[in-house]
Amino acid sequence: MDDDSTPPPPANDAPAPPPPALNSGSPTDFLKGVVGKRVVVRLTSGVDYRGVLSCLDGYMNIALEQTEEHVNGRVINRYGDAFIRGNNVLYISAAEAI
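The model shown is predicted, which means the values in this text are computed figures rather than measured ones. (Residues numbered from 1 in each chain as written. Predicted model: local features only at pLDDT ≥ 70, side-chain atom pairs only at ≥ 80, totals over all residues. Heavy atoms only, no water.)

Chemist: Please set out the overall build of the protein chain residue by residue, giving values where relevant.
Modeler: Across its full length, the protein chain carries 1 helix and 5 strands. For the protein chain, the sequential pattern of α-helices and β-strands runs α-β-β-β-β-β. Classification of the 98 residues of the protein chain by burial places 23% in the buried group. The long-range fraction of contacts in the protein chain, counting pairs at least 24 apart against all pairs at least 6 apart in sequence, stands at 39%. (Helix = DSSP H or I, 4+ residues; strand = E, 2+ residues; numbered from the N terminus. Buried < 20%, exposed > 50% of the residue type's maximum accessible area, 1.4 Å probe, protein only. Contact = heavy atoms within 4.5 Å.)

Shown next, in the form of structure tokens:
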């Protein structure tokens, strides 16, 4: 049986899919990637702590080094080391490119 109605194969002119986003990945991957780097930790009270993320645990308890406390965008205090209890953390953000 001769079937002349088969369509030709599609042309390969379709645009390539975009590359994956650089920020894709799990929150765990992000947190592992920012250990040892500068971060901003926002508390539920609205206060920001900026410093070098030393370590954190599964409860989001955080240890920061070279820490600055920011309230309404102004530096209020500076600490060598700071420990933040996880239930107070709203988010952690990278302060520098990762």
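Moving on, there is more to tell.
Chemist: Account for the sheet that holds strand E2 (residues 48-56), with residues named and values stated.
Modeler: Within a sheet, each strand pairs with its neighbour through backbone hydrogen bonds, oriented either parallel or antiparallel. The strand order across the open sheet formed by 5 strands is E4-E3-E2-E1-E5, and the pairing between neighbours is antiparallel. Both outer strands of the open sheet, strand E4 (74-84) and strand E5 (89-94), are each paired with one neighbouring strand and no more. When strand polarity is set aside, the average angle formed by the axes of neighbouring strands in this sheet is 30°. Two strands pair when backbone bridges link them, and strand E1 (residues 38-43) and E2 are joined in this way by 5 bridges, in the antiparallel orientation. What sits directly across from Val41, in E2, is Tyr49. Against the sheet, helix H1 (residues 27-34) touches E1, E2 and E5, its axis set at about 60° to E5. (Pairing = 2+ DSSP bridges. Axes fitted to C-alpha atoms, helices over the stretch in contact; angles between N-to-C directions.)

Chemist: Before we move on, could you go through the pairing of E1 and cite the residues and values that matter?
Modeler: In sequence, E1 turns back onto E2 through a hairpin of 4 residues, with Gly46 there showing a positive phi of about 95°. Summarising the sheet, E1 and E5 pair through 5 bridges and their orientation is antiparallel. Paired with Val41 across the two strands is Ile92, which belongs to E5.

Chemist: Summarise the environment of Leu31; cite the residues concerned and give the values.
Modeler: By the element assignment, Leu31 lies in helix H1. Between the alpha carbons of Leu31 and Ile92 there is a distance of 8.4 Å; along the sequence they are 61 residues apart.

Chemist: If you had to explain the nonpolar core to someone new, which residues and values would you point to?
Modeler: Grouped together as the largest cluster of nonpolar side chains are 13 residues, with contacts concentrated most on Val41, Ile62, Leu64 and Ile84. Contributions of two or more residues to this core are made by H1, E1, E2, strand E3 (62-71) and E5. With 3 residues, E1 is the largest single contributor of residues to this core. Contacts of Ile84, omitting those with residues within four sequence positions, involve Val41, Leu43, Tyr49, Met60, Asn61, Ile62, Leu64 and Val89. (Core = buried A, V, L, I, M, F, W, Y, C linked by side-chain atoms within 4.5 Å.)

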